[in-house]
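# Report on the structure
So you can see what is in the structure, the chains are spelled out below.
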Amino acid sequence: MTLPRDNAPARPSPATTLNRAPHPDAGPGDALPDHPDFLWRNPEPKRSYDVVIVGGGGHGLATAYYLAKNHGITNVAVLEKGWLAGGNMARNTTIIRSNYLWDESSGIYEHSLKLWETLEEDLDYPILFSQRGVLNLAHSLQDIRDSKRRVHANQLNGIDAEWLEPDEVAKVCPIVNVSPDVRYPVLGATYQPRAGIAKHDYVAWGFARRADVYGIDLIQDCEVTGLDIQGGRIRGVRTTRGPIAAGKVALAGAGHSSVLASMAGLRLPLQSHPLQALVSELLEPVHPTVVMSNAVHVYVSQAHKGELVMGAGIDSYNGYGQRGAFHILERQMAAALELFPVFARAHMLRTWAGIVDVTPDASPIVGLTPVEDLYLNCGWGTGGFKATPGVGWCYAHTIATGQPHPYNAPFTLDRFTTGALVDEHGAAAVAH
């Protein structure tokens, strides 16, 4: 089987092929008459819509789909300044899990994980969701205490979470170095068996295809340059393809959310940073799960095609460039070799970066704004991909009803003035 793309993003050319996607099971020269050349239309924008979603990544596409499926709202446009799902959706490392510490976080991520488990059938499109489990390694006594605390909190919330001793870690992932004679010995790990990875491109194509079937307009090469606000209420957007009137506008711009919100006079508590990742050359299947380590500071999985996918923390500087500093990658690879000496002779194939928007408490902002009928979904930092179906479901509910869904109700913008923070800095374990 030949897969169409690996984890690194590659921009399609020319514009007419922006919505062309190869069949997941297609080989070179295969004729597949039952699979269309184009998975969605490439329409011209209409003059007005009931809902305009700004941002055609995973969250924007999932929100559009659930607006139609769950609420019957189909007069919707998704505006994307580049090509569909070409931002962070094409640049993430696809880890999916729900083992967060706080009730508020575990609630929305577990809701999302349950949707992941049936998403392929729901979208009628393969997404290669592989529940291979996630290990979060502990390397110190404090790591052990924090990890066991998180396991107990997860279990109280009905989330599958286990504590593994070093010999049990080796059984789950035999290639992890569990020797006691290393700088950061593995003293144990948390384990979530239902966690895993999915193919990011297929997820985006699946949501886009189903949204298009409902009649939703997916409009590419359409950058929003301004918001039309009259009397404290949103009236529409100004774009590079002309003005578009809207009853409601929903922002889903990830790393550019603060730029979009500033058009409405809103100053968000966000910082945008580059987040880098890399893949190795293609290898035979050798890494059966996902391994994350905060002390060594790296996470490693193996993609369906065979590449090792590695990442760690954000670049410390603020910026909107989809690139980062080389020393970050160098440290990632050094950390990976501490945990996996077997990878010493593997070659790095390519690197890339996305733009993550980070809040002071490392939790998202999803809900209403001071501007009537303007909605906000941002601040997911390094955890946006795993939340894709869950936040799409909840954001669609918020837009359709004008009230937050119970799962996103704790993540309001005003928590930064009330002090009701959801501090996931320590619980997030490592950038993922």
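As annotated in an unreviewed UniProt entry, the protein is Sarcosine oxidase subunit beta from Streptomyces malaysiensis subsp. samsunensis. Comment text from UniProt for the protein, heading Subcellular location (unreviewed entry), reads "Cytoplasm". Per UniProt, the protein has the following entry under Sequence similarities (unreviewed entry): "Belongs to the SoxB family."

Quick look at the packing of aromatic side chains now. Summed over all chains, the structure comprises 12 aromatic pairs. Ring geometry for tyrosine 65 versus tyrosine 214: centroids 6.2 Å apart, planes at 50°, classification tilted. With tyrosine 65 in helix H1 (residues 58-71) and tyrosine 214 in the loop between helix H5 (200-213) and strand E8 (217-219), this residue pair connects regions lying 149 residues apart in the sequence. For tyrosine 65, a relative accessible area of 1% puts it in the buried group. Its relative accessible area of 30% is what places tyrosine 214 among the partly exposed residues. Centre to centre, the rings of tyrosine 202 and tryptophan 205 are 5.6 Å apart; their planes meet at 35°, and the pair counts as tilted. Of the two residues, tyrosine 202 and tryptophan 205 are both situated in helix H5; the distance of three residues between them amounts to about one turn of the helix. The rings of Tyr65, Tyr66, Phe207, Tyr214 and Trp393 are connected pair by pair, giving a single aromatic cluster. Sitting above the plane of the tyrosine 100 ring, arginine 97 keeps its charged end 4.7 Å from the centroid.

Criteria and thresholds
- Residues numbered from 1 in each chain as written.
- Predicted model: local features only at pLDDT ≥ 70, side-chain atom pairs only at ≥ 80, totals over all residues.
- Heavy atoms only, no water.
- UniProt positions renumbered as here; feature names shortened; annotations may be inferred.
- Phe/Tyr/Trp six-rings, centres within 6.5 Å; stacked < 30°, edge-to-face > 60°.
- Helix = DSSP H or I, 4+ residues; strand = E, 2+ residues; numbered from the N terminus.
- Buried < 20%, exposed > 50% of the residue type's maximum accessible area, 1.4 Å probe, protein only.
- Lys NZ or Arg CZ within 6 Å of the ring centre and 35° of its normal.

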